[in-house]
Amino acid sequence: MAALIHKTLNANEPAPNLMDYRAMRATFSWDIACTERAGLPHGGLNIAFEAVDRWVASGQGEVAALRWLGKNGERRDISYTELARLSNRFAHSLEQLGIGPGDRVCVLAGRIPELYITALGTLKAGAVFCPLFSAFGPEPVRVRLVKSQARVLVTTTLLYQRKIREQRNNLPDLEHILLTDSDGSEPGTHSFHTLLETGPDHRSPPRTQPEDWALLHFTSGTTGTPKGAIHVHQAVVAHQLTGRWVLDLRPGDIYWCTADPGWVTGVSYGIIAPLVNGATLVVDEAEFDARRWYAILGRERVNVWYTAPTAIRMLMKAGTEATQGHDLSALRFMASVGEPLNPEAVTWSLATLGRPFHDTWWQTETGAIMITNYRTLDIRPGSMGQPLPGIEAAIVRRRPGGGVDRLEPGEEGELALRAGWPSMFRSYLDDAERYQQCFADGWYLSGDLAICDIDGYFWFVGRNDDVIKTSGHLIGPFEVENVLMEHPAVAEAGMIGKPDEFAGQIVKAFVALKPSYVPSDALRKELLGFARTRLGPAVAPRELEFMPDLPKTRSGKIMRRLLRARELGLPLGDVSTLESENPEEPDA
Ligand code: WT7
C-alpha cells in the first residue's frame, strides 16, 4: 500500500472551505442546507438562477462565468451578466416554440458556448436538460432521443447531417432542431442564433419548485436500453455544497473540469457547481493533449482542476518534460472521478505537480460527489475517501428474500447510501420498477463493490454487474451487442470490459458467426467498422474475437462472466463463483 499522504495547511493559501470534516459531519443537516439556499425571489428554486442570475443580482455580474478556449486558439470570456442575458433569450425562444415545464431539450454538441447557453436557458424555461455525448454514433443518439421524448434538439450542422438527418422520420416527438451554426440550407431546422436574437435580455425569474424535474442523464445497466436518471432543481443544494467543500471552490477561482458535458460530471461539475460557487469555468473545446493541457493550467492560472484517471495516466505517460515551461503554481486543489484512481497516480501527482489528486466517488444516480478525500484530511492513496457530511454510506449484502444486511469493516460487499439527499435521482424515466430495484431498507444500492476500513475510508473493489468503464465512460454491453447482432454475419455477440493500461477497460466483443460465414481478418475488420459507424468511437468495441459459440445459460443468456474469465485467464471450471457474483442476474 502506498504511504499515507499527510496534509499540512499552507499559510499562503486561502483557508479550506471545510476546515473540520468531523465536526461538520456530526452536526450537518440537509434540511438546514436546503433552507439556506436563498432560492427565487418569489419562492421556489431554479438551478440556472442559482448558478447565474444570483451573481448578477449581487453585483458580481462582470466576472467571467465561462472562459471558452476554441480548438483553433480562440479565447472568449462570457461574463455572468452576458450568460444571464443569453440564457434568458434562449428560455424565451423555447417558450416561443411552445416548450415548457417538463419538456425535454436535448443537446448534441461538442464543448461550444451554445451548449452552456442551452443548458441554463432550458432550466430557466422549466424544461428538462438532457445532454447527449457528441462522440455517440447515430444509434445511441436515436435510442436516447426516442426514450427522452425530446421535443427540441440543439446541435451543429455536421452532427445533424451525420447522426440525425437520415433517421429524423423515426423521431416523431422531435419537433424542433436548432442548429448552432445554421446557414439556412438544412430544411426543417431553425437557426439557434436567429432565435436568440429575437429574445429579450431580461425576463421574470423562473417559476420552478425544488422538486420539479431539471436534468435527465442517461446511464447504462447490464441489460436493456439505457436508463434515464431524473434529477430535480433541489439537486443544486448538493452541487453547491460539494463544489464548496470537496472542490474547495470560492468566488473568483479559475476552475477547469475536463469532463465532457455529454455526461453527468460535465454538467454537475462542468457547469452547475462552479457557477453556483461563483467561479470562472474554463471550457476547452479541444481533445486531450498533454502539452495543451499544461499550457492551459499555466496560462489560465487554474486554481482548481477536476479530471479523470484515464487523463492522469496519459499525463503520466507524457512524462515530466511536458510540464516544463508551464507555471502551475496557481493550482490549489486537484481531484479525479469516474474510475479507480490508482495509488501511483496520486504519488506521481504529488511528485510532479506538487499536489496530490483527490479521488471522488459518485454516479449518475447520486447526482453529486458522495465519497471523497478532503483538502484538510490525509489521503490513503487507493482509497476513495470518506462520505460527505449528510451522507451515510455503508457496505451491505442483499438478502435473498429482500432487504440488506450491513457488513463489518474489512468485509467486501455492495456500497450503499442512506436514501434522501437532494441530488439523489428521483426516477428512471418510465421505469418505476428498475428504480425500485435500486433501493432496499431505506438504502440506495450502488451496484459497486467496496470495502470500508476500520477508520471509515472506502476502497473500491469493482462492479457487481457487467457494465464497462472505458476512459471513464459507462457503456452498457447490451447496447453494443444489439448493434452487432444487426450484422447479417452475426449469430451471437457478447461484450466485456478488457483491462487496459490507460482507459481502465476497453470494450471487447466476442462473436459467433452464422453457419454460412467463416472467421477472417477481413470480416473482423468489417464488423468493427460496422459497430463503429453505428455506435460511434466512444462506445464501439476496440477488439473482436470469433468463437464457435458463446457460453450461455440454460435460458440462452450469454454469460459475459465466462467470457471475462476466459479473457483474464481465470479458471473456467470455477463457474459457480462466477455466476453467484451477481445475485440480481438469475441464470434461468
Ligand atoms: C460508476 C458511475 C461519477 C460521475 C461520473 C461517472 C465508477 C465513479 C469512481 C471512483 C472507482 C468509480 C463506479 C460507479 N466510479 N467514481 N472514484 N473510483 N470507481 O458516473 O457514469 O454513472 O459511473 O463509475 O463504478 O458506479 P457514471
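Residues numbered from 1 in each chain as written. Predicted model: local features only at pLDDT ≥ 70, side-chain atom pairs only at ≥ 80, totals over all residues. Heavy atoms only, no water.

(A) Seen up close, the sheet that holds strand β12 (residues 304-307). Across the sheet, nine strands lie side by side as β2-β1-β11-β10-β12-β13-β14-β15-β16; this open sheet has mixed pairing. Every other strand in the sheet has two partners, leaving β2 (75-79) and β16 (386-387) as the edge strands with one partner each. Pairing of β12 with strand β13 (residues 333-337), which is carried by four bridges, proceeds in the parallel orientation. The residue of β13 that forms the bridge with Thr307 is Ser336. Those strands touched by helix α4 (residues 80-96) are β1 (64-69) and β2, and its axis lies near 80° from that of β2. (Pairing = 2+ DSSP bridges. Helix = DSSP H or I, 4+ residues; strand = E, 2+ residues; numbered from the N terminus. Contact = heavy atoms within 4.5 Å. Axes fitted to C-alpha atoms, helices over the stretch in contact; angles between N-to-C directions.)

(B) A look at helix α12 (residues 309-318). Listed in full, the buried residues belonging to α12 are Pro309, Thr310, Ala311, Ile312, Arg313 and Leu315. Tucked inside the fold, the buried residues of α12 contact α11 (290-299), β12, β13, α13 (343-353), β14 (357-361) and β27 (504-513). (Buried < 20%, exposed > 50% of the residue type's maximum accessible area, 1.4 Å probe, protein only.)

(C) Expanded view of helix α17 (residues 560-568). Among the residues of α17, those classed as buried are Arg560, Arg561, Leu562, Leu563, Arg564 and Ala565. Immediately beyond the C-terminal end of α17, within one or two residues, lies Gly569, with a positive phi of roughly 70°.

(D) Structural context of the site of the ligand. Taken together, the neighbourhood of the ligand is formed by 19 residues, with Thr360, Gln363, Thr364, Arg463 and Lys469 sitting nearest. Separating a nitrogen atom of the ligand from a backbone N or O atom of Thr360 is a distance of 2.8 Å. Taking Arg463, its side chain carries an N or O atom lying 2.8 Å from an oxygen atom of the ligand. If the ligand stood free it would expose 550 Å²; the protein chains cover 97% of that surface. Only α10 (264-276), β14 and β23 (458-463) provide two or more residues apiece to the shell around the ligand. For the shell around the ligand, the element with the highest residue contribution is β14, accounting for three residues. Tallied by class, residues from the shell around the ligand come to eight nonpolar, six polar and five charged. (Near = heavy atom within 4 Å. Polar contact = N/O pair within 3.5 Å; in protein donor to acceptor, adjacent residues only side chain to side chain. Areas by Shrake-Rupley, 256 points an atom, 1.4 Å probe, with all protein chains shown as cover. Nonpolar A, V, L, I, M, F, W, Y, C, P; charged D, E, K, R; others polar.)

(E) Representation of the environment of Glu186 within the structure. Here Glu186 shows up in the loop between β6 (176-179) and β7 (190-191). Note: C-alpha distance between Glu186 and Pro381 (195 residues apart in sequence) is 53 Å. Of note is the side chain of Glu186, whose polar atom sits 2.5 Å from the side chain of Arg165.

(F) Summary view of the packing of α12 against α13. Where α12 contacts α13, the two axes come as close as 10 Å, and the packing angle between them is 55°. Viewed along their axes, α12 and α13 adopt a mutual orientation that is oblique. Like other packed secondary-structure pairs, α12 and α13 cross with a definite hand, here left-handed. For the pair α12 and α13, contact is made by Ile312, Leu315 and Met316 and by Glu344, Ala345 and Trp348, respectively. (Parallel < 35°, antiparallel > 145°, perpendicular 65-115°, else oblique. Left-handed = near helix turned anticlockwise from the far one by under 90°.)

(G) Up close: the domain arrangement of the protein. Under the domain assignment, the protein is made up of domain 1 (21-451) and domain 2 (468-568). With 23 residues of domain 1 in contact, the opposing surface of domain 2 contributes 23 residues. Summed over both sides, the interface of domain 1 with domain 2 buries roughly 1,700 Å², with 61% coming from carbon and sulfur. At the junction of domain 1 with domain 2, the criterion picks out one salt bridge. Note that Arg144 is salt-bridged to Glu479, the shortest N-O span being 2.6 Å. Remark: the boundary between domain 1 and domain 2 carries nine residue pairs in polar contact (both at pLDDT 80 or more). Looking at the side of domain 1 that touches domain 2, the elements that each hand over two or more residues are α6 (138-148) and α12. Looking at the side of domain 1 that touches domain 2 residue by residue, the classes come out as eight nonpolar, 10 polar and five charged. (Domains from an automatic or database assignment. Buried area = accessible area lost by both parts, 1.4 Å probe. Salt bridge = Lys/Arg side-chain N within 4 Å of Asp/Glu carboxyl O.)

(H) Structural context of unusual backbone geometry. Unlike most non-glycine residues, Asp430 shows phi in positive territory, near 55°. Here Asp430 lies in the loop between β20 (427-428) and α14 (432-436). Of note in the backbone geometry, Ser471 takes a positive phi value of approximately 50° without being a glycine.

(I) View of the pattern of salt bridges. Tallied over the full model, the rule gives 53 salt bridges. Here Glu175 and Arg151 are joined by a salt bridge, their closest N and O atoms 2.7 Å apart. Taken together, the residues span a long stretch of sequence, with Glu175 in the loop between α7 (157-164) and β6 and Arg151 in the loop between α6 and β5 (152-155) at a distance of 24 residues. If you follow the salt bridges from partner to partner, you end up with Glu13, Asp248, Arg250, Asp253, Arg332, Arg355 and Arg375 in one network.

(J) Spatial organisation of the pairing of strand β17 (residues 393-398). As judged from the four bridges shared by β17 and strand β19 (residues 412-418), these two strands associate in the antiparallel manner. Bridge assignment links Val396 to a residue of β19, and that residue is Glu414. Hairpin geometry of β17 and strand β18 (residues 404-406) is characterised by an intervening segment of five residues between the two adjacent antiparallel strands and by a positive phi of about 110° at Gly402.

(K) The arrangement of the packing of aromatic side chains in detail. Scanning the entire structure with this criterion turns up 23 aromatic pairs. Seen from their ring centres, Phe136 and Trp263 are 5.7 Å apart, and the 65° between their planes marks the pair as edge-to-face. Residue Phe136 is located in the loop between β4 (128-132) and α6, and its partner Trp263 is located in the loop between β10 (254-257) and α10; the two are separated by 127 residues in the primary sequence. Across the pair, Trp263 and Phe136 agree in class, each one buried. Taken together, Trp421, Phe425, Tyr428, Tyr435, Phe439 and Tyr444 form an aromatic cluster joined through their ring pairs. The ring of Trp55 has Arg54 sitting right over it, with the charged end atom 4.8 Å from the ring centre. A cation over a ring is seen here: Arg380 above Tyr457, with NZ or CZ 4.1 Å from the ring centre. (Phe/Tyr/Trp six-rings, centres within 6.5 Å; stacked < 30°, edge-to-face > 60°. Lys NZ or Arg CZ within 6 Å of the ring centre and 35° of its normal.)

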